[in-house]
Amino acid sequence: MANLKSLAKDTAIYGLSSIVGRFLNYLLVPLYTAKLSAESGGYGVITNVYAYTALLLVVLTYGMETTFFRFANKEGERPERVYSTILISVGSTSLLFVALVLAFIGPISSFMGYAAHPSYVWVMAVTVAIDAFQCIPFAYLRHKKRPVKFAALKLLFIVMNIALNLFCFVALPEMTGRPTDVGYAFYINLACTGSITFCFWRELTGFRYVFDRALMRRMLSYSWPVLVLGIAGILNQTADKILFPYVYKAPDAHQQLGIYGAASKIAMIMAMITQAFRYAYEPFVFGKSRDKDNRETYARAMKYFVIFTLLAFLAVVAYTGVLKFIIGRDYWSGLRVVPIVMAAEIMMGVYFNLSFWYKLTDRTIWGAWFSGAGCVVLVAVNIIFVPRFGYMACAWAGVAGYATAMLLSYFVGQRYYPINYPLGRIFSYVALAAALFCGMAAANSRLPLWGALAVNTALLGVFAAYTVRRDFPLSALPVVGRRFSKRGEHRL
């Protein structure tokens, strides 16, 4: 019981820091879209460069974060030796990466489309290299069960980042009379990332650095499937933003990418909401893995996950008329991608829930195959359809990619770890949500803002009422639950 309480506390701290951090970072979206017009393409540059950064971070850590946890807790291994070996390895490869980028900065900048701004590329390279190295001390903090320092450093970075962005994008142009430069975003990120490194003084000193070659070979043999899975997973999230300037052969490519990237951020509101569910769900699943009724529990959890995400989906659609003010007015033309990107997010969440069958049965290689197949579909849709349909193809590519991974995981999982999911009940919620979405879309397009909000609130209430009527366990609630329990209402 004490261990479970500790796990719950740590999960709450990690989850809160991540959710709060993502929300605070989200505040940069209205700042960037207000100070960088869609026509300038500045936000498109930010979207494109940070997509590269996300991919490179996975490559430069090459699965060593997960590998550290596996080997540091493995019988017969010395955790400090594992930590030292991984630190040296990741640090060395990160330095090599920076050296190669600086040596070939001209060709690389030209290839990425930033020949006139090579500083965007080398600043990004140095930042992601430092970030990759920091992943290991952050993992060490988790290993040592120090969630408070972990969360504090994550939030410190975000507070510094927001403060410097406000200064550079708001105060500095007023003081100097010069226009805002998109490069400020990258320089600020480098400054904040570099500063956090100094906070790891205790985690980087006080022990002898040893590189164990034999240990490293064993760890690499473990980490490569993790790397493949990580690359496939991150490409599913970033491939469209990386490929767009290459396949959309038009002078306004960065302008269109900026509109797509800004509008997609509204859809990320749902991602932040559902992340809270995911942080609670993962330890719950592994905690129930030894129970006899675990498969029934997983099936019920999937149903509630779908209900939860569909409710979030409808809430965002219902209040898009208000939420659109998060981004600049000249980015509103991209709002039509919001429900499509949210649908892809729901499929990604379902795939996350389905993925536990291969984690619980130690068949993680299947995860690489599923994510890889989804990635291939996503990339193919982008390459084939973006030249004709622009960023709308990017949004639908996400749906196609995640749908592929989701369906493959379900059908293969039913063979190796069959779970009787309540598909009929789940599809009834999907059908209701689809009908209510059509009503909300019509209201948003035909009614004034106040009228659309009134109609959409009523439609959202219909979904909530249906949920309470069919599946919500009111009997479990305090005070209210006692009244329902007397009537024998137990719809679980």
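1. Some details on the overall build of the protein chain
Inference 1: Broken down by element type, the protein chain carries 21 helices and 0 strands.
Inference 2: Buried residues in the protein chain amount to 48% of all 492 residues.
Inference 3: Long-range pairs, those at least 24 residues apart, make up 81% of the contacts in the protein chain between residues at least 6 apart in sequence.
Inference 4: Accessible surface for the protein chain amounts to roughly 23800 Å². Of this, 66% is attributable to carbon and sulfur atoms.

2. Focus on the packing of helix H5 (residues 79-103) against helix H11 (residues 213-247)
Inference 1: The contact between H5 and H11 brings their axes to 10 Å, and the two run at 75°. As the angle between them shows, H5 and H11 are arranged roughly perpendicular. Only Leu215, Met216 and Met219 of H11 make contact with H5, whose side of the interface consists of Arg81, Val82, Thr85, Ile86 and Ser89.
Inference 2: Classifying every residue of the contact of H5 with H11 gives 5 nonpolar, 2 polar and 1 charged.

3. Some thoughts on the pattern of salt bridges
Inference 1: The final tally for this structure, using the stated rule, is 6 salt bridges.
Inference 2: The partner of Lys241 in a salt bridge is Asp240, with the nearest N and O atoms 3.5 Å apart.
Inference 3: Through salt bridges with shared partners, a single network forms among Arg146, Lys149 and Glu203.

4. A word on the environment of Asn353
Inference 1: The topology assignment puts Asn353 in helix H15 (residues 338-354).
Inference 2: Between the C-alpha atoms of Asn353 and Met406, which are 53 residues apart in sequence, the distance is 9.4 Å.
Inference 3: Within the structure, Asn353 has its side chain in polar contact with the backbone oxygen of Gly349 (distance 2.7 Å).

5. A word on the side chain of Lys149
Inference 1: By the element assignment, Lys149 lies in helix H8 (residues 147-176).
Inference 2: At 3.2 Å, the side chain of Lys149 and the backbone oxygen of Cys199 are in polar contact.
Inference 3: A distance of 2.9 Å separates polar atoms of two side chains, one belonging to Lys149 and the other to Glu203.
Inference 4: If sequence neighbours within four positions are ignored, Lys149 has contacts with Leu141, Cys199 and Glu203.

6. Side note on helix H7 (residues 118-143)
Inference 1: Its 26 residues give H7 an end-to-end C-alpha distance of 38 Å, which sits within 8% of 38 Å, the value for a rise of 1.5 Å per residue.
Inference 2: Burial runs high along H7: 20 of the 26 residues are buried.
Inference 3: Looking at the residues trailing H7, positive phi occurs at Lys145, about 55°.

7. Some points on the packing of H11 against helix H17 (residues 365-389)
Inference 1: Where H11 contacts H17, the axes come no closer than 8 Å and their chain directions differ by 5°. Here H11 lies roughly parallel to H17, going by the angle between them. Two secondary-structure elements touch here, H11 through Val228, Leu229, Ala232, Gly233, Leu235, Asn236, Ala239, Asp240, Leu243, Phe244 and Val247 and H17 through Gly367, Ala368, Ser371, Gly372, Gly374, Cys375, Leu378, Val379, Asn382, Ile383, Val386 and Pro387.
Inference 2: When grouped by side-chain class, the residues that make up the contact of H11 with H17 number 15 nonpolar, 7 polar and 1 charged.

8. Comments concerning the environment of Ala271
Inference 1: Relative to the helices and strands, Ala271 resides in helix H12 (residues 253-288).
Inference 2: In this structure, the C-alpha to C-alpha distance between Ala271 and Glu345, residues 74 residues apart in sequence, is 6.9 Å.

9. A word on the side chain of Thr53
Inference 1: Note on placement: Thr53 falls in helix H3 (residues 42-61).
Inference 2: Under the relative-accessibility criterion, Thr53 is labelled buried at 15%.
Inference 3: In contact with Thr53, other than residues within four places in its own chain, are Met124 and Val128.

10. Focus on the environment of Tyr391
Inference 1: Structurally, Tyr391 can be placed in helix H18 (residues 391-416).
Inference 2: Exposure remark for Tyr391: the relative accessible area of 5% places this residue in the buried category.
Inference 3: Note: C-alpha distance between Tyr391 and Val337 (54 residues apart in sequence) is 8.3 Å.
Inference 4: Filtering out sequence-adjacent residues up to four positions away, Tyr391 remains in contact with Phe244, Gln256, Ile259, Tyr260, Ser333, Gly334, Arg336 and Val337.

11. Focus on a nonpolar patch on the surface
Inference 1: Judged by side-chain polarity, Trp224, Val228, Ile365 and Trp369 come together as a nonpolar surface patch covering roughly 450 Å² of accessible area.
Inference 2: Elements with a minimum of two residues in the nonpolar patch: H11 and H17.
Inference 3: Following the sequence through the fold, Trp224 ends up in helix H11.

12. Things to note about the packing of aromatic side chains
Inference 1: Taken as a whole and assessed by the stated rule, the structure comprises 28 aromatic pairs.
Inference 2: When the centroid spacing of 5.7 Å and the interplanar angle of 80° are considered together, the rings of Tyr50 and Phe186 count as edge-to-face. Taken as a pair, Tyr50 in helix H3 and Phe186 in helix H9 (residues 183-197) lie far apart in primary sequence, 136 residues in all.
Inference 3: A relative accessible area of 28% places Tyr50 in the partly exposed class.
Inference 4: Relative accessible area serves as the criterion here: at 3%, Phe186 is assigned to the buried category.
Inference 5: Consider the rings of Tyr429 and Phe463, whose centres lie 5.8 Å apart with planes at 65°: the pair is edge-to-face. With Tyr429 in helix H19 (residues 423-446) and Phe463 in helix H20 (residues 449-470), this residue pair connects regions lying 34 residues apart in the sequence.
Inference 6: Among the aromatic residues, ring-to-ring pairing joins Phe68, Phe69, Tyr83, Tyr140, Phe207 and Tyr209 into one connected group.

13. Remarks on the confidence of the model for the protein chain
Inference 1: Taken residue by residue, the protein chain gives an average pLDDT of 85. The fraction at 70 or more is 86%.
Inference 2: The element-level mean pLDDT for the protein chain is lowest in helix H21 (residues 480-486), coming to 51, with H5 highest at 95.
Inference 3: Long-range and interchain partners of residues 488-492, a stretch whose pLDDT sits below 50, account for 14 contacts in this model, where long-range means more than four residues apart.

14. Thoughts on unusual backbone geometry
Inference 1: In this structure, Tyr62 is a non-glycine residue whose phi angle is positive, near 30°.
Inference 2: One can find Tyr62 in the loop between H3 and helix H4 (64-72).
Inference 3: Among the residues examined, Tyr62 registers a relative accessible area of 11% and is labelled buried.

About the cut-offs
Residues numbered from 1 in each chain as written. Predicted model: local features only at pLDDT ≥ 70, side-chain atom pairs only at ≥ 80, totals over all residues. Heavy atoms only, no water. Helix = DSSP H or I, 4+ residues; strand = E, 2+ residues; numbered from the N terminus. Buried < 20%, exposed > 50% of the residue type's maximum accessible area, 1.4 Å probe, protein only. Contact = heavy atoms within 4.5 Å. Areas by Shrake-Rupley, 256 points an atom, 1.4 Å probe, with all protein chains shown as cover. Axes fitted to C-alpha atoms, helices over the stretch in contact; angles between N-to-C directions. Parallel < 35°, antiparallel > 145°, perpendicular 65-115°, else oblique. Nonpolar A, V, L, I, M, F, W, Y, C, P; charged D, E, K, R; others polar. Salt bridge = Lys/Arg side-chain N within 4 Å of Asp/Glu carboxyl O. Polar contact = N/O pair within 3.5 Å; in protein donor to acceptor, adjacent residues only side chain to side chain. Expected span 1.5 Å × (residues − 1). Patch = residues over 30% accessible without salt bridge, like charges linked within 9 Å, V, L, I, M, F, W, Y side chains within 5 Å. Phe/Tyr/Trp six-rings, centres within 6.5 Å; stacked < 30°, edge-to-face > 60°. pLDDT = per-residue confidence, 0-100.

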